[in-house]
Amino acid sequence: MSILGAVLLLSVLIIVHEFGHFIFAVATGMKVDRFSVIGIGPPVLRLFTWRGTEFVIAAIPFGAYVHIVGMEAPDAAELAEEKRAREACLAEGKEDETKYLFRNRPVWARILTILGGPLANYVAAMVIVFALFSVAGARDASVAHVDQVLSETAQQAGVTRGDVLVSIGGDSVQGGRAFNKVEKAAGDHKGTTAPIVVERAGETVTLDVPIDENGKIGIQMTNPYVPVSIGQAAYFGVREPIEITKAQLSGLYKVIVGKDKAEVGGPVAIVNVIKQSADEGLRQFVWMGAFISTILGMFNLLPIPALDGGRLAFLGVEAIIRKRASPNLEEKIHGYGMLALLVLILIVTIRDIGKLFG
């Protein structure tokens, strides 16, 4: 059941993303002729039609998509037909029927429509965090608990689950964002055996713990949950997706400059991570929903061809120089980008499946 829940959660977050595109497209005067609320590929079941949009279920039951009329680069015949339709409307004194096409809308409307998907994911993440913290409380970031002892050296040194970290090598690791303080203090004493002070059962205990060359103690940390007010929950709802984004971008930067190694995960890995969070309980599963929604929004904003960020890059240049790039050239770039992305996903998925059964 946890695997099914993981797949459903990821699918819902993708639907939320596509719903963001849909809402902004309609709001800015565009025509969306199809919204597949479940699946990708050709439609197999037509649900209903609303304001000219056909809501369907598609052949491959994963994810979702919206088709906004006029996003594709037009061929010569389409351009000629569009010109004839526009001239006919002008001759008859009617409203231009071609103005609803994506390519004919103002650049600001196209930017909002493309931005709508990632924005919907960020808003969803904020709502999830607000609801979770309002009901279940928030983690106290000023205190770091030992959740798991991962290394044998830390276990032999006497570190146990539930220990509250007080200081490392004389440096306090409490207050503010405790995780960051722990990482910094451990990094300052990497490759040595440092005195680590922990609080256990109301008593203070000093342990001599080896810290490896990478500045790792060999533990997994967690923050305790504390009740918060509605106002605090709203504050955390806005802050947490921003903090997640900053942390992910920082990690990406370290990979690019060679300070860290990349660990790329595909849909299988994402579903497996969500499943693990579901196994830990409802609260962790809901939190993972906010985390994955944030990652979906952030990833789609990266300036990579075929992603929303790649399309926004073209629109940004157009807004600055007031000249549109060649539609055929842009479509080719996005097409090659999509092909490369699909190949990468296939390779990573095969690897992830191998890990699961390895």
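Above this text is the structure in question.
Residues numbered from 1 in each chain as written. Predicted model: local features only at pLDDT ≥ 70, side-chain atom pairs only at ≥ 80, totals over all residues. Heavy atoms only, no water.

*Asks:* Please clarify how the packing of helix 3 (residues 107-136) against helix 8 (residues 282-301) should be interpreted in this entry.
*Replies:* Helix-helix packing: each pair is described by the crossing angle between the helix axes and the interaxial distance. Viewed as axis vectors pointing N to C, helix 3 and helix 8 meet at an angle of 160°, and their least axial separation amounts to 8 Å. Overall, the two elements helix 3 and helix 8 adopt an arrangement that is roughly antiparallel. Here helix 3 runs over helix 8; the crossing is left-handed. Contacts from Leu115, Pro118, Asn121, Tyr122, Ala124, Ala125, Ile128, Val129, Leu132, Phe133 and Ala136 in helix 3 reach Arg283, Val286, Trp287, Gly289, Ala290, Ser293, Thr294, Leu296, Gly297, Met298, Asn300 and Leu301 in helix 8. Class assignment of the residues belonging to the contact of helix 3 with helix 8 gives a composition of 16 nonpolar, six polar and one charged. (Axes fitted to C-alpha atoms, helices over the stretch in contact; angles between N-to-C directions. Helix = DSSP H or I, 4+ residues; strand = E, 2+ residues; numbered from the N terminus. Parallel < 35°, antiparallel > 145°, perpendicular 65-115°, else oblique. Left-handed = near helix turned anticlockwise from the far one by under 90°. Contact = heavy atoms within 4.5 Å. Nonpolar A, V, L, I, M, F, W, Y, C, P; charged D, E, K, R; others polar.)

*Asks:* Quick question: what am I supposed to make of unusual backbone geometry here?
*Replies:* Glycine aside, a negative phi is what most residues show, and trans is what most peptide bonds show. With a phi close to 55°, Ala201 is a non-glycine residue in the positive phi region. As for its placement among the helices and strands, Ala201 is situated in the loop between strand 9 (193-200) and strand 10 (203-210). One non-glycine residue, Arg322, lies in positive phi territory at about 55°. The topology assignment puts Arg322 in the loop between helix 9 (308-321) and helix 10 (327-357).

*Asks:* What should I look at first to understand the side chain of Glu54 in this one?
*Replies:* With respect to the helices, strands and loops of the structure, Glu54 is situated in strand 3 (residues 53-60). Given the relative accessible area of 18%, Glu54 is considered buried. Among the polar contacts listed, one links the side chain of Glu54 to the side chain of Arg46, at a separation of 2.7 Å. Aside from chain neighbours lying at most four places away, what touches Glu54 is Asp33, Arg34, Phe35, Arg46, Phe48 and Thr49. (Buried < 20%, exposed > 50% of the residue type's maximum accessible area, 1.4 Å probe, protein only. Polar contact = N/O pair within 3.5 Å; in protein donor to acceptor, adjacent residues only side chain to side chain.)

*Asks:* Looking at this model, I keep getting lost on the pattern of salt bridges. Mind explaining?
*Replies:* Applying the stated criterion across every chain, the model contains nine salt bridges. Glu54 serves as the salt-bridge partner of Arg46, at 2.7 Å between the closest nitrogen and oxygen. For Asp188, the salt bridge is made with Lys184, and the minimal N-O distance between the two is 3.1 Å. Of the two residues, Asp188 and Lys184 are both situated in helix 5 (residues 178-188); the distance of four residues between them amounts to about one turn of the helix. Look at the salt bridges and you will find they share partners, linking Arg34, Arg46 and Glu54 into a network. (Salt bridge = Lys/Arg side-chain N within 4 Å of Asp/Glu carboxyl O.)

*Asks:* Any chance you could explain the sheet that holds strand 2 (residues 40-50) here in plain terms?
*Replies:* For sheets, the rule is that strands pair by backbone hydrogen bonds, running either parallel or antiparallel. With respect to topology, four strands assemble into an open sheet ordered 2-3-1-4, the strand pairing being mixed. Across the chains shown, the open sheet's two edge strands, defined by having one partner strand only, are strand 2 and strand 4 (65-68). The mean angle between the axes of side-by-side strands here comes to 25°, regardless of whether they run parallel or antiparallel. As defined by bridge partners, strand 1 (residues 32-38) adjoins strand 4 across four bridges and the pair is classed as antiparallel. (Pairing = 2+ DSSP bridges.)

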